[in-house]
Amino acid sequence: EKDKSFFLPLKEHYEIYFLDNFIGSGVVDGNGPKMSANHYGMLDQLIASRGGLFVGCFFSSFTGYINRLRGYHSELQKHPGYKDAKLLTSYYYAPARLRLQ
């Protein structure tokens, strides 16, 4: 979403970062390593995979990979439930016909 005002309700409760916060900081460009705009989606996935909470979409391969990374992180860092293959708190939207009853 390019209109940052869309996120104002979230900003009232959470600290929010955008890619713009990193461009020119040396993390994405500037004095740091150069990053192609083609890789911004992968950067988003890495950042989302490290969050304490993740919400995605059921049919999204983008969401699927983030959840896979979250599983890898939970096992490597031995988060509670990692022995039972439990993910960190993750949710997704599923169409009504696919929801568990």
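Below, the structure is looked at part by part. (Residues numbered from 1 in each chain as written. Predicted model: local features only at pLDDT ≥ 70, side-chain atom pairs only at ≥ 80, totals over all residues. Heavy atoms only, no water.)

Moving on: the packing of aromatic side chains. Taken as a whole and assessed by the stated rule, the structure comprises 3 aromatic pairs. Aromatic pair phenylalanine 58 and phenylalanine 59: ring centres 5.0 Å apart, planes at 85°, arrangement edge-to-face. We classify phenylalanine 58 as partly exposed; its relative accessible area is 34%. With a relative accessible area of 59%, phenylalanine 59 lands in the exposed category. Ring-pair connections join several aromatic residues into one group, and the members of that group are Phe6, Phe7 and Phe18. One residue, lysine 4, lies across the ring of phenylalanine 18, its end atom 4.8 Å from the ring centre. (Phe/Tyr/Trp six-rings, centres within 6.5 Å; stacked < 30°, edge-to-face > 60°. Buried < 20%, exposed > 50% of the residue type's maximum accessible area, 1.4 Å probe, protein only. Lys NZ or Arg CZ within 6 Å of the ring centre and 35° of its normal.)

This part covers helix α4 (residues 61-76). Every α-helix carries 3.6 residues per turn, so stepping three or four residues along brings you back to the same face. The terminal C-alpha atoms of α4 lie 23 Å apart, and with 16 residues this matches the ideal 22 Å at 1.5 Å per residue to within 8%. Downstream of α4 by one or two residues, lysine 78 has phi in the positive range, about 55°. (Helix = DSSP H or I, 4+ residues; strand = E, 2+ residues; numbered from the N terminus. Expected span 1.5 Å × (residues − 1).)

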